[in-house]
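# Survey of secondary and tertiary structure
Listed here are the chains, written in short residue letters.
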Amino acid sequence: CLGLALGLHDRLVAMVTEAPGVLVHVDGEGADFLPRDERHLVARAMAQAWSVMGVEAPGFVLRCENAIPQSRGLGSSAAAIVGGILLARGLVAEGDMLLPNEAVLDLATSMEGHPDNVAATRLGGFTTAWGATPGSDDMHAGAVRHDVHESVMPVVLVPPSGMSTASARRMLDDQVARDDAVFNIGRAALLVHALTHDPSHLMAATEDRLHQDARSQAYPASHALVMELRAAGIPTVISGAGPTVLAFADADSIATVTERVPDGWRALGVDPDPVCARVHVRCS
């Protein structure tokens, strides 16, 4: 339900062609294994968007310059989905009328399976998102955006190998204890205040009883690093489904974070992104 947009961006360029079919070029993250045809997630999102708009899908060439690490808990799939939908909309005359922003969030949520990452990708900043309420008159996903406190300096510590989100989810119990549920609800509510108004509460706000320990055996090095940094007084969590570690540093603690990066890992300082997904249309 909560998402944080970070200043780490994939750049996508699409050009309609006279010939049918899809050709995808990939540079950067995932270049050695991502598909180069209509199976690519960006291309699939474009096709879904055109279908919703009632537009016949044209042939096109897609270039992806990827900076977001794949399968690391950093929202690469959400970025691909939102990017593809906005690309498709931008290539259609009056596309923003055929696919308004509310429909963009609905479509992205249906493809991603949950609204947290796609909301942050679409809106920027720190977002609170929710899915449609079954049986209600309002069957749309929704999200609100918050500004992040200026002193928050996120650092992501990226391990050399990844893990699929689906695999990480299978490690979670279907049933949770009431005490643990209440504990996490309280921490989630506090996190909104901590990230937007008073980061001094981030240590308490980032405590968790439902996800991280349950997955600790899947990425023991990540879990150990979280515990080490928290013991040093730095609010730290597993980013998304992992295995990337996300530390909320400040000017006084950022050196402590970076000096503890394990061999073979990458440390990336990524400021919160207040805008996020951007579209530029060029007509030849």
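Preceding this section is the structure that the text describes.
A brief report on the enclosed structure follows. The shown structure was predicted, so the numbers you read here are calculated from the model rather than taken from an experiment.

## Here's the deal with the overall build of the protein
Helix and strand content of the protein: ten helices and ten strands. Relative to a compact globule of 284 residues, whose C-alpha radius of gyration would be 19 Å, the protein shows 19 Å and is just as compact. With respect to the principal axes defined by its C-alpha atoms, the protein has extents near 60 × 45 × 35 Å. Counting only residues that meet the buried cut, the protein has 43% of its 284 residues in that class. For the protein, restricting intrachain contacts to residue pairs at least 6 apart in sequence, the fraction spanning at least 24 positions comes to 70%. Looking at the protein as shown, the accessible area adds up to about 14,500 Å², and 52% of this sits on carbon and sulfur atoms.

## A word on the pairing of strand β9 (residues 245–249)
Most of β9 is tucked away, with five of its five residues classed as buried. Across the two faces of β9 the burial is the same, with V245, A247 and A249 and L246 and F248 all buried. Of the pairings in the sheet, the one linking strand β7 (residues 153–158) to β9 comprises five bridges and is antiparallel in character. Its bridge partner being in β9, M153 is matched across the sheet by A249. Where strand β8 (residues 236–238) and β9 come together, three bridges link them in antiparallel fashion. Across the sheet, T236 pairs through a bridge with A247, a residue of β9.

## Digging into the environment of I185
Along the chain, I185 turns up in helix α7 (residues 178–196). Once the C-alpha coordinates of I185 and H149 are considered, the two residues, 36 residues apart in sequence, prove to be 21 Å apart.

## Here we look at the sheet that holds β7
What the four strands build is an open sheet, ordered β8-β9-β7-β10; its pairing is antiparallel. Strand pairing shows two members of the sheet lacking a second neighbour, β8 and β10 (266–269), which therefore form its edges. This sheet shows a mean twist of 20 degrees between the axes of neighbouring strands, independent of strand direction. Bridging between β7 and β10 involves four bridges; their strand directions are antiparallel. Paired with V155 across the strands is G269, a residue of β10. In the packing of helix α9 (residues 220–231) onto the sheet, the strands contacted are β7, β8 and β9, and the crossing angle to β8 comes to about 165 degrees.

## Here we look at the pattern of salt bridges
According to the stated counting rule, one finds nine salt bridges in the structure shown. Two residues, D27 and R63, come together in a salt bridge whose shortest N-O distance is 3.0 Å. Here D27 is found in strand β3 (residues 22–28), whereas its partner R63 is found in strand β4 (residues 59–66), with 36 residues between them in sequence. Residue D273 pairs with R278 through a salt bridge whose shortest N-O separation is 3.1 Å.

## What to know about the sheet that holds β4
Taken in spatial order, the three strands of this open sheet run β2-β4-β3, and their pairing is mixed. Of all strands in the sheet, those with a lone pairing partner are β2 (11–17) and β3, marking the two edges. When strand polarity is set aside, the average angle formed by the axes of neighbouring strands in this sheet is 10 degrees. As paired strands, β2 and β4 are joined by seven bridges and run antiparallel to one another. Following the sheet pairing, A14 is matched in β4 by L62. Against the sheet, helix α1 (residues 41–53) engages β2, β3 and β4, with an angle of about 135 degrees to β4.

## Details of the side chain of D273
Relative to the elements of secondary structure, D273 occurs in the segment after β10. The residues contacting D273, other than those within four sequence positions of it, are A5, L6, G7, H9, G124, G125 and R278.

## Some points on the pairing of β4
Of the strand pairs in this sheet, β3 and β4 are connected by seven bridges, and their pairing is parallel. Paired with D27 across the strands is E65, a residue of β4. Regarding topology, α1 serves as the crossover connection from β3 to the parallel β4, and that connection is left-handed.

## A short note on unusual backbone geometry
In this structure, the amide linkage connecting G242 to the following residue, P243, adopts the cis form with an omega of 5 degrees. In this structure, S71 takes a positive phi of about 55 degrees despite not being glycine. Within the fold, S71 resides in the loop between β4 and α2 (76–90). A residue is classified by how much of its surface remains accessible, and S71, at 36% relative accessible area, is partly exposed. Phi at C276 is positive, roughly 70 degrees, even though this residue is not glycine. Mapped onto the fold, C276 is located in the segment after β10. Judged by its relative accessible area of 10%, C276 falls in the buried class.

The rules behind the values
- Residues numbered from 1 in each chain as written.
- Predicted model: local features only at pLDDT ≥ 70, side-chain atom pairs only at ≥ 80, totals over all residues.
- Heavy atoms only, no water.
- Helix = DSSP H or I, 4+ residues; strand = E, 2+ residues; numbered from the N terminus.
- Rg over C-alpha atoms; globule rule 2.2 N^0.38 Å.
- Buried < 20%, exposed > 50% of the residue type's maximum accessible area, 1.4 Å probe, protein only.
- Contact = heavy atoms within 4.5 Å.
- Areas by Shrake-Rupley, 256 points an atom, 1.4 Å probe, with all protein chains shown as cover.
- Pairing = 2+ DSSP bridges.
- Axes fitted to C-alpha atoms, helices over the stretch in contact; angles between N-to-C directions.
- Salt bridge = Lys/Arg side-chain N within 4 Å of Asp/Glu carboxyl O.
- Right-handed = clockwise from strand over helix to strand, strands pointing away.

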